[in-house]
Each structure stands twice: as C-alpha cells, then as structure tokens.
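Coordinate analysis (summary)
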Amino acid sequence: MSRSFTLRLVRRLTTATDSASKPLTVSSVKNRLKKTYDPDQALKIYSSFTAAANISYDNPVSARYAQESTVRRLSKSHRLSDIETFLESHKSLPQITQEPFLSSLIRSYGIAGMFENAFKTYQQMTDLGSPRSAISFNALLKACLHSKLFDRVPGCFDEFPSKFGFLPDKFSYGILIKSYCEMGSPERAMSKLNEMEEKGIEINAATFSPILQALYKQGKGDEAEKFWDVMVTKKGCLPDVGSYNVRLMHVQDGDPDAVKGFIEEMSEAGIKPDTVSYNYLITCYLRNGMMDEAKKVYDDLKEKGCYPNMATFRTLIFNLCKHERYVMGYKVFKKSAKVYKIPDFNTLKYLAEGLVKNGHTEEVKDMIRIINKRYPPNMLKAWGKLTVDLGLVIGDTEKTGVGELDKGVHSDETEKASST
C-alpha cells in the first residue's frame, strides 16, 4: 500500500457500514481486530471504528485499543512508514490538545519500536496545545521499554518532571524500576523503592515484581525469596497473580508439587490463578514426562475460568509432537485456530512434518488452508516453501473459509481466549 493511499484511508473517517450489517459496537470492533492479521484490513476496521456514530475518541480506552491493534498489524509487516503516516494524521484532529489522546500516539510509536518518533511527539506537546503530566511522561517511558531502550529511561526520569513541572507517580517509578532490572541492576531498582517510601508513593506488586524476576534471572533464588518475604510479610505489600507467576516461572523446571504448591498458596490468599499460572504447571508436567497430567490441566482450563492462550497451544503442540502424538497435536491446532491463537511457524512446521511422515497429509493440507485464510500473502512465504518441501498441492478450490472454521465457537469464549 502506498503512503498516500494510507493517508487517504486513515483520514476517511466516514466509511459507511453495510446497511444489512449489525450496528458497530466496541465489542464487535475488538473482536474483528483480534481476528485480523492483514494490516490493510485492520486499517479499514479502524476507519469504520472512528466513523461510527456510537464509537468515538470520547471513549479513549476503546479508541486506544483500536489504534494500538492497527499499529501492531502494520508493525508485524514492517510497514514503519505507514505507521508514521497513520499516527501523524491524528495530529490534525481536534482531540490532539487532550493529553490522553496525544499520549496514545506516543505509546503507539513505542509499540512499533519507533522511539525517536515517540520522543519527537512528546517534544511537540507545547506546540500542539497539550499539557504535560505523568500521563504523557509514562507513555514516553513505556515507549522506551517497548523499544528496548532501557538506558534512556533514567535520563528522561531525571530531566522531564523538573523541566515541565510535574511529579512522577507510582507508574513512573514502576517503569524506572523495570528499566534498571532489564539492564541487570536490581540493586539500583531497590534503591528506588526506598525513594518511593520516603516520598510516600505507594509500592505495589507491579513495582516489586520486576526486581523479584531480575534476582531469579541472575540465579539469586535465595535472595529473591528473602526479598519476597521483606516486601510481602514485613512491608505488607499485597502480591498479585503477576508476582506469583514470577515465582512459578522459576520453579517450573523442578518438581510439579512445587508448582502446585504455589498455585494452592495463591488460591488460599484469595488470588485467582490465571492462564499463565496454569501454563507453568503444564510446562512442568511436560518437562517431567507427565503428558497425560499436562493434557488434563489444559482440558480443565475452562472449568477454572481460564482460556488457553498462544503459549498454551504452542507448548502443548510442541510436546505432543515430541512424543509423536501428531494427530492429537493437530486437534489442539484446530482449537487454537478457532480462538485466533495460532502458534508460531516453527511449532506448526514440526507438527506438519510429523503428520506427513505418518501419512496424515489431509490434516496438513487443512492446516495450510486455514493459515492461508488467516494471514496476508506477505506473511506466508515460509508456509509456501514448506508446502513445496512436503510435496503438497493446495488448490484454490480446496481452501476452507474462516466462517466454516468458526462454526460452533461461542463468541464469549473466543473473546476471553483472545484477551489473554
């Protein structure tokens, strides 16, 4: 798509919906974006979203979700110039004087790894008529994290609050702490916890969890557990599912009883384990050769109020293939496709090769037909080569439509599964 065409598309915010179609709602737009891998299609959905009478920039959370989803689709296709055109076009809108709206542009540039554009937008705020506070500052710091420019965070932290006359909040400190941890300096991060205490800024689980993870990553498990004891037991910081998942991550290589023990501890503390928590239990079972136990956790996810995410499907399919249970892996793939959580190419290549080797070529053809319907052509080169390497012929008349695949999938289940 040309740069000029992209600009015309994003400015054409009066796209009419088909008269026979259902009214556009926030939920339907989110669902459509979750199911769309084609960046051009995402741009069209975004245009419809902003043009709809009942959905506007007055709903900043929904607008931000749609904008960021569109940027992610473009970014995966490496269309950085189109992202710039797309986001820069928003600066001519009247909402640009509203800090949350402008902050969403900074955040979106960060998601695409385009930090210099994010930084430039932050510098333009005065000219664009927008005030500065911790809201836009945090968006800039997040752009540093997304762009993996962790060393830029401390400099921004030291300069901008005093320069523009606002105070960093707990989220600002949380991002600073995470940046130090990503740079391998949990000790410097801990010193910022002391600074937060001195200034009366709340320390929560999201603030101390990166330090916990950094200590584990450095092989300092005993120090990590001591740190947990200080923060939770002595300082009274309430843990959350994310902080427990950090601990689970670092016991998943060991005894399944240790993982189950943490999950039970969470439940007893009134913290509901999530899909990530159960993924660690599944992984632990698999690493201990307990395939049936892992499959049971997967089968029971819905009963526990959770839904498998892409990591669940990837881990399970890979290990089913490892144990040569290719047909079962194919069935899990079908479920992943129904909830738009298809695993990565290498995992599915492993599955496809195993199926063909064992005489299940029709299943592989079905896999490839589904994938051809989901992804735009520029993302299918590896699949095209694999089709040739496996000696398969997939004709146009054989292709399966997305609608056929989606039959029997409850919309609520799809929504929840896609959100994890």
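Everything here concerns the structure above.
Structural notes, computed from the coordinates.

What counts and what doesn't
Residue numbers run consecutively from 1 along every chain, following the written order of its sequence. Local features in this predicted model are restricted to residues of pLDDT 70 or higher, and side-chain atom pairs are both shown and tallied only at a pLDDT of 80 or more, whereas totals for entire chains, interfaces and linings draw on every residue. Note: side-chain values were computed over all heavy atoms of the structure, leaving out hydrogens and water. A run of H or I in DSSP counts as a helix once it spans at least four residues, and a run of E counts as a strand once it spans at least two, with each numbered from the N terminus. Type-normalised accessible area, obtained with a 1.4 Å probe on protein chains alone, sets the label of each residue: buried when under 20%, exposed when over 50%, and partly exposed for intermediate values. In this description, contact between two residues means that some pair of their heavy atoms is separated by no more than 4.5 Å. To get an axis, a line is fitted to the C-alpha atoms, and for a helix only the part in contact is used. The angle between two axes follows their N-to-C directions and goes from 0 to 180 degrees. Just so you know how the angles are binned, under 35 degrees is roughly parallel, over 145 roughly antiparallel, 65 to 115 roughly perpendicular, and the rest oblique. By definition, any crossing whose near helix is turned counterclockwise from its far helix by less than a right angle is left-handed, and any crossing with a clockwise turn is right-handed. For this document, the term salt bridge refers to a Lys or Arg side-chain nitrogen within 4 Å of an Asp or Glu carboxyl oxygen. What qualifies as a polar contact is a pair of N or O atoms within 3.5 Å, subject to a donor-acceptor requirement within protein and to the restriction that residues adjacent in sequence count only when both atoms come from side chains.

Thoughts on the overall build of the protein
The number of helices and strands found in the protein is 25 helices and zero strands. In the protein, which comprises 420 residues, the share counted as buried stands at 50%. Considering only residue pairs separated by 6 or more positions, the protein has 65% of its internal contacts joining residues 24 or more positions apart.

A word on the packing of helix α17 (residues 275-287) against helix α18 (residues 291-299)
Angle between the axes and distance between the axes are the two parameters that describe a pair of packed helices. At a minimum axis distance of 7 Å, the contact between α17 and α18 shows a crossing angle of 165°. By the criterion of interaxial angle, the relationship of α17 to α18 is roughly antiparallel. In this structure, the crossing between α17 and α18 has a hand that is left-handed. Of the residues in α18, those touching α17 at Tyr-278, Leu-281, Ile-282, Tyr-285 and Leu-286 are Met-291, Glu-293, Ala-294, Val-297 and Tyr-298.

With respect to the pattern of salt bridges
Per the stated rule, a full pass over the model turns up 24 salt bridges. Lys-365 is paired through a salt bridge with Glu-362; the nearest N and O atoms lie 3.8 Å apart. Taken together, the positions of Lys-365 and Glu-362, both in helix α22 (residues 361-374) and three residues apart, correspond to about one turn of that helix. With a shortest N-O distance of 3.9 Å, Asp-366 and Arg-369 are connected by a salt bridge. Of the two residues, Asp-366 and Arg-369 are both situated in helix α22; the distance of three residues between them amounts to about one turn of the helix.

Focus: the side chain of Arg-374
By the secondary structure assignment, Arg-374 is in helix α22. For Arg-374, a relative accessible area of 5% corresponds to the buried category. Only 2.8 Å separates the side chain of Arg-374 from the backbone oxygen of Ala-337, close enough to count as a polar contact.

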